[in-house]
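Summary of the model geometry
Below are the chains, spelled out letter by letter.
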Amino acid sequence: MINSTKNKDKRGDYSVKPQHPACEDNEQSIIHLTIPIDCAGLRFDQALAKLLPDWSRSRLQTWIEAHQVTLDGQSATPKQKIWGGERIQVSPQEMTAPSVHAAEAIDLNIVDEDDTLIVINKPAGLVTHPGNGNWQGTLLNALLHHAPQLEHVPRAGIVHRLDKDTGGLLVVAKTIEAQTNLVRQLQQRTVKREYMALVHGFVEHAGSIEAPIGRHPIHRTRMAITSNGKPSHTHYQPIETFEGCTLVQCNLETGRTHQIRVHMQSIDHPLIGDPIYGGKPQKNNSNSFQWLTDFPRQALHAQKLALIHPKTGKLSQWEAAIP
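Here we summarise the structure given alongside this text. (Residues numbered from 1 in each chain as written. Predicted model: local features only at pLDDT ≥ 70, side-chain atom pairs only at ≥ 80, totals over all residues. Heavy atoms only, no water.)

**A short note on helix H1 (residues 44-51)**
Applied cut-off: Partly exposed residues are those whose accessible area sits between 20% and 50% of the maximum for their type, while under 20% is buried and over 50% is exposed, using a 1.4 Å probe and protein chains only. For helices the rule is a DSSP run of H or I covering at least 4 residues; for strands it is a run of E covering at least 2, with both sets numbered from the N terminus onward. Here, two residues are considered to be in contact whenever any of their heavy atoms come within 4.5 Å of each other.
Of all the 8 residues making up H1, 6 are buried; the element is thus mostly covered by neighbouring parts of the structure. Residues Phe44, Asp45, Ala47, Leu48, Ala49 and Leu51 constitute the buried set of H1. Looking at the buried positions of H1, the neighbouring elements they touch are strand E3 (31-34), helix H2 (57-65), strand E4 (69-71) and strand E5 (87-90).

**A few points about the sheet that holds E4**
In plain terms, the rule: Should DSSP find at least two bridges between two strands, the strands are regarded as paired. Lines fitted to the C-alpha atoms define the axes, with helices restricted to the stretch that makes contact. Angles between their N-to-C directions range from 0 to 180 degrees.
Taken in spatial order, the 3 strands make up an open sheet running E3-E5-E4, and their pairing is antiparallel. Two strands in the sheet have a free side with no partner beyond their single neighbour: E3 and E4. Between one strand axis and the next, the sheet turns by 15° as a mean value, whatever way the strands run. Of the pairings in the sheet, the one linking E4 to E5 comprises 3 bridges and is antiparallel in character. Bridging from a neighbouring strand, threonine 70 pairs with glutamine 89 of E5. Across the face of the sheet, H1 comes into contact with E3, E4 and E5 while running at roughly 115° to E4.

**Let's talk about helix H5 (residues 259-266)**
Of all 8 residues in H5, 6 are buried, a share of seventy percent or more. All of the buried residues in H5 are Gln259, Ile260, Arg261, Val262, His263 and Met264. A positive backbone phi angle near 65° is found at aspartate 268, which sits one or two residues after H5.

**Some points on the layout of surface pockets**
Put simply, the test is: Lining residues are those with an atom within 4 Å of a point, where the points come from a 1 Å grid over the protein atoms alone and group into cavities, where a 1.4 Å probe fits but cannot get out, or pockets, open sets with protein on both sides within 12 Å along at least five of seven lines. Grid points are joined across faces, edges and corners, and a volume is the space filled by probe spheres set on the points. Residue classes follow a fixed rule: Ala, Val, Leu, Ile, Met, Phe, Trp, Tyr, Cys and Pro count as nonpolar, while Asp, Glu, Lys and Arg count as charged, and any other residue, Gly among them, counts as polar.
Taken as a whole, the largest pocket spans an internal volume of roughly 1,500 Å³. Lining the largest pocket are 41 residues; nearest its centre among them are Arg161, Leu162, Asp163, Thr257 and His258. Residue classes in the lining of the largest pocket are distributed as 14 nonpolar, 16 polar and 11 charged.

**Observations concerning the pattern of salt bridges**
Condition: The working definition used for a salt bridge is a side-chain nitrogen of Lys or Arg within 4 Å of a carboxyl oxygen of Asp or Glu.
All chains considered together, the criterion is met by 6 salt bridges. With a closest N to O distance of 2.8 Å, lysine 311 and aspartate 115 form a salt bridge. Separated by 196 residues along the polypeptide, lysine 311 in the loop between strand E15 (300-308) and strand E16 (315-319) and aspartate 115 in the loop between strand E6 (110-113) and strand E7 (117-122) bring together distant segments of the chain. Overall, the relative accessible area of 48% leaves aspartate 115 in the partly exposed class. Three or more residues joined by partner-sharing salt bridges are found here, namely Asp163, Arg261 and Asp274.

**Some thoughts on the nonpolar core**
Nonpolar side chains tend toward joint burial in soluble globular proteins. Rule in force here: To form a nonpolar core, buried Ala, Val, Leu, Ile, Met, Phe, Trp, Tyr and Cys residues must be joined to one another through side-chain atoms within 4.5 Å.
By size, the foremost hydrophobic cluster in this structure holds 51 residues, and its most contacted members are Leu48, Ile88, Val90, Leu150 and Met264. Looking at this core, the element that brings in the most residues is H1, giving 5 residues. Among residues more than four places away in sequence, those in contact with isoleucine 88 are Ile31, His32, Leu33, Ile35, Phe44, Leu48, Val69, Thr70 and Leu71. With 13 residues, the next largest nonpolar core counts Leu117, Val159, Val191 and Trp318 among its residues.

Right, here's the structure in full:
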């Protein structure tokens, strides 16, 4: 049973509504819950995740450990067993992005935006998230300038990344609830992503590559197919053949780092221009293939994106033409 501080929407999920929108401390409304009997025997964090599906379990665990959640008026631990009938009080707190992530006025190619999502056509050359020496000039910095409220959403709402030199569609959540929803969709593989890639050689038939990807055992900045890697699955379909290369469409079942680049290399069709995974061939005397050698980056573009909109529950999809 969930009391009046929560409102049930038409899909049966519950969304937290602020009792005092103008509250100076920016706290959201306190949530009062009663554990149903059918949750008896579960861990506290498991039961809470069932009752509050808009929040990730890791976030709920953080709140429990920070004493923002009480069980029958007392502090509890995430692993504590519950038996049904206990009363819970949750005091959600907004989270602020680290101060190192400064807002910067960087132009964004926004394909679509509402009060829940931003869909961006990221240009090649733009780093998605600060790190590894790229602390400024990233998509995250641009997002904090475009929508300052993203300061209160982890990673400024970013739920998936594109490599620096890969362009195309990327979705950003504007609320924590939307971010949690999209992360779960990615885990459940209901987010569909279609890429266009230009690869070396002649790809004659469509196929699938299912091979685990993990860190390269020697070159730690690279990824590789490895027995202890995470399950990874890519479908590919040849679209058009050119001299020395093929344009292929790639659809992802999973979203591992460098997945398309590693998988296409594994079948001897590395991406044109890829300096890490074999896409930069040695210069030769043939002018016909010189452009393959001189291509400035990996030839990869996130062309299509489809997902279930976190607010409407309807299928939404977007497309960005190949640059």
